[in-house]
Amino acid sequence: MHRRTLFKTSLGAALALMLGAQAGAQDMDETTQASFDTVMAFMGAMGSGDMEAMGRLMADDMVWHSEGDTTLPWIGETVGKEAIFEFLGVFSANFQTTKWENTDAFASGDTVAVFGRMNGITTHSGKEVGEFTFALRAKVRDGQVFLWNWFEDSFGISQAYHG
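Conventions used here
- Residues numbered from 1 in each chain as written.
- Predicted model: local features only at pLDDT ≥ 70, side-chain atom pairs only at ≥ 80, totals over all residues.
- Heavy atoms only, no water.
- Helix = DSSP H or I, 4+ residues; strand = E, 2+ residues; numbered from the N terminus.
- Buried < 20%, exposed > 50% of the residue type's maximum accessible area, 1.4 Å probe, protein only.
- Contact = heavy atoms within 4.5 Å.
- Areas by Shrake-Rupley, 256 points an atom, 1.4 Å probe, with all protein chains shown as cover.
- Phe/Tyr/Trp six-rings, centres within 6.5 Å; stacked < 30°, edge-to-face > 60°.
- pLDDT = per-residue confidence, 0-100.
- Salt bridge = Lys/Arg side-chain N within 4 Å of Asp/Glu carboxyl O.
- Core = buried A, V, L, I, M, F, W, Y, C linked by side-chain atoms within 4.5 Å.

1. Section: the overall build of the protein chain
Secondary structure assignment for the protein chain yields five helices and seven strands. Going from N to C terminus, the protein chain has its helices and strands arranged as α-α-α-β-β-α-β-β-β-β-β-α. Within the span of the protein chain, comprising 163 residues, buried residues form 35% of the whole. Taking contacts inside the protein chain between residues at least 6 apart in sequence as the whole, the part at least 24 apart equals 51%. Total accessible area computed for the protein chain in this model is approximately 9,400 Å², and 55% of it derives from carbon and sulfur atoms.

Now the structure itself:
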């Protein structure tokens, strides 16, 4: 490699690293921070079983959408706060979460993305699913979650559920 090409390549790489570090170090704007805080508070309330706090953080017309194997009783779309509370009862009757770890979370405006690792036991079969990854896209309006779009390894979960 010629010196000039090497210099340009090194300079480009260094510039990209500096710009990336600056972008990651910037503060969130007020809307983005509020959205992020709302989603994290909702997750915390859900994890601790605080239904009152969850209810305050949910829009009345919230949509909970889980992609995957529709033979699992919690996969599909549920609309409305009361229907979501019923859905959560069905979910908790069928799946016992044994691990939940958020590994990455990002926000932009009203949208929050969370990625992580989970494990659990399906009460239907009593089988452990095995550790799997999840992704979440949530949207916030007026301090309340109005979209919870959940992605998980429903194939692995389905295999454990159906025994």
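Picking up after the structure, the text goes on.
2. A word on the environment of Val90
Among the secondary structure elements, Val90 is positioned in helix 4 (residues 81-94). A sequence separation of 17 residues divides Val90 from Pro73, and the C-alpha atoms of the two residues are 7.2 Å apart.

3. Things to note about the packing of aromatic side chains
For the structure shown, the criterion picks out 11 aromatic pairs. Relative to Tyr161, the ring of Trp74 lies with its centre 5.9 Å away and its plane at 85°, an arrangement referred to as edge-to-face. Highlighted residues: Trp74 in the loop between strand 1 (58-66) and strand 2 (76-79) and Tyr161 in helix 5 (residues 154-161), separated in sequence by 87 residues. A residue is classified by how much of its surface remains accessible, and Tyr161, at 8% relative accessible area, is buried. An aromatic cluster is defined as three or more aromatic residues linked by ring pairs; in this entry it consists of Phe42, Trp64, Phe87 and Trp148.

4. Observations regarding helix 5
With six of eight residues buried, helix 5 lies mostly within the body of the structure. All of the buried residues along helix 5 are Ser154, Gly156, Ile157, Ser158, Ala160 and Tyr161. Those residues of helix 5 that are buried lie in contact with helix 4, strand 3 (95-108), strand 4 (111-122), strand 5 (127-128), strand 6 (132-141) and strand 7 (144-152). Count one or two residues on from helix 5 and you reach Gly163, which has phi positive near 75°.

5. Re the confidence of the model for the protein chain
On average, the protein chain scores 86 in pLDDT, and the residues at 70 or more come to 84%. With pLDDT under 50 throughout, residues 1-26 is counted as low confidence; its partners more than four residues away or in other chains account for one contact.

6. Observations regarding the pattern of salt bridges
Evaluation of the coordinates by the stated rule reveals seven salt bridges. Residue Asp60 pairs with Lys81 through a salt bridge whose shortest N-O separation is 3.3 Å. Separated by 21 residues along the polypeptide, Asp60 in strand 1 and Lys81 in helix 4 bring together distant segments of the chain. The partner of Lys99 in a salt bridge is Glu101, with the nearest N and O atoms 3.6 Å apart. Here Lys99 falls in the partly exposed class, since its relative accessible area comes to 27%. You can call Glu101 partly exposed: its relative accessible area is 35%. Linked through salt bridges whose partners overlap, the residues forming this network are Lys99, Glu101, Arg117 and Glu131.

7. Concerning the environment of Arg117
Within the element layout of this structure, Arg117 appears in strand 4. For Arg117, a relative accessible area of 30% gives the class partly exposed. As a C-alpha pair, Arg117 and Lys99 span 18 residues in sequence and 7.5 Å in three-dimensional space. Ignoring anything within four residues of it in the chain, the contact list for Arg117 reads Lys99, Trp100, Glu101, Thr103, Glu131, Phe132, Thr133 and Phe134.

8. Points about the nonpolar core
Grouped together as the largest cluster of nonpolar side chains are 33 residues, with contacts concentrated most on Val39, Phe42, Met62, Trp64, Trp74, Leu136 and Trp148. If you list the elements that add at least two residues to this core, you get helix 2 (30-48), helix 3 (51-57), strand 1, helix 4, strand 4, strand 6, strand 7 and helix 5. Every residue in contact with Trp148, bar those within four places of it in the chain, is listed here: Val39, Phe42, Met43, Met46, Met62, Val63, Trp64, His65, Leu136, Arg137 and Ala138.

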